[in-house]
Amino acid sequence: IGVRLVGSEMCIRDRLRLEENSIVELDSMVGQPLNIRANEKLVARGEIVVINEKFAVRITDIISPDDRFAAL
């Protein structure tokens, strides 16, 4: 299973191994909208935010199973 986040692709297994202060290079800037995909399927939408001087992803919309099915 793979996840693509802002143009950065990494296996979920590797994402789960990330620790505090790990670095993941992002291709977008704060406030830009992004699509969150799992196995090349859109599962959510969000944006990059800064919280307490750290980058995070705020999920703004979760794609419903019906919408994911319709996209096939």
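Provided above is the structure to which this section pertains.
Since the structure is predicted, the reported quantities are computational estimates derived from the model, not experimental observations.

Colleague: So what exactly am I meant to see when it comes to the overall build of the protein here?
Modeller: In terms of helices and strands, the protein carries two helices and five strands. Within the protein, the fraction of its 72 residues that count as buried is 19%. Pairs at least 24 apart in sequence give 22% of the contacts found in the protein among residues at least 6 apart. As displayed, the protein has an accessible area near 5800 Å², and 53% of this comes from carbon and sulfur atoms.

Colleague: Sorry if this is basic, but what is going on with the pairing of strand β5 (residues 54-62) here?
Modeller: In this sheet, β5 lies alongside strand β4 (residues 41-51) in antiparallel orientation, the contact comprising eight bridges. Bridge pairing links Val 49 to Ala 56 in β5.

Colleague: Explain unusual backbone geometry to me, please; I cannot follow it from the model alone.
Modeller: Apart from glycine, the bulk of residues carry a negative phi angle, and the bulk of peptide bonds sit in the trans form. Of note, Asn 52 is a non-glycine position whose phi angle comes to about 50 degrees, a positive value. Overall, the relative accessible area of 72% leaves Asn 52 in the exposed class.

Colleague: Any chance you could explain the pattern of salt bridges here in plain terms?
Modeller: Scanning the entire structure with this criterion turns up two salt bridges. The shortest N-O distance in the salt bridge between Arg 45 and Asp 61 comes to 3.6 Å. Of this pair, Arg 45 sits in strand β4 while Asp 61 sits in strand β5, and the two are 16 residues apart along the sequence. Classification of Asp 61 as partly exposed rests on a relative accessible area of 35%. Across the pair Arg 58 and Glu 47 runs a salt bridge whose closest N-O atoms are separated by 2.8 Å. Of this pair, Arg 58 sits in strand β5 while Glu 47 is found in strand β4, placing the two residues eleven residues apart along the sequence.

Colleague: How should I be thinking about the environment of Gly 31 in this particular structure?
Modeller: With respect to the helices and strands, the residue Gly 31 is situated in the loop between α1 (12-16) and β3 (33-38). The class of Gly 31 is partly exposed, set by a relative accessible area of 42%. Measuring from C-alpha to C-alpha, the distance between Gly 31 and Val 50 comes to 9.0 Å, with 19 residues separating the pair along the chain. With residues near it in sequence (within four places) discarded, Gly 31 still touches Glu 47 and Ile 48.

Colleague: Is there a simple way to think about the environment of Asn 35 in this case?
Modeller: Note on placement: Asn 35 falls in strand β3. Using a relative accessible area of 36% as the deciding quantity, one classes Asn 35 as partly exposed. Remark: the alpha-carbon pair of Asn 35 and Glu 47, spanning twelve residues in sequence, is separated by 8.3 Å.

Definitions and cut-offs
Per chain, the residues get numbers from 1 upward, laid out in the order the sequence is written. In keeping with the model being predicted, local features are shown solely for residues with a pLDDT of at least 70 and side-chain atom pairs are shown and tallied solely at 80 or more, while totals for entire chains, interfaces and linings include all residues. Note that the side-chain values use all heavy atoms of the structure and ignore hydrogens as well as water. Helix and strand labels come from DSSP, where a helix needs a run of H or I of at least four residues and a strand needs a run of E of at least two; each type is numbered from the N terminus. Partly exposed describes any residue whose relative accessible area lies between the buried limit of under 20% and the exposed limit of over 50%, with all areas from a 1.4 Å probe on protein chains only and scaled to the type maximum. Two residues form a contact once any of their heavy atoms are found within 4.5 Å. Surface exposure here means Shrake-Rupley accessible area, sampled with a 1.4 Å probe, where a residue is shielded only by the protein chains that are shown. The pairing criterion for strands is at least two bridges between them, as found by DSSP. Salt bridge, as used here: a side-chain nitrogen of Lys or Arg that lies within 4 Å of a carboxyl oxygen of Asp or Glu.

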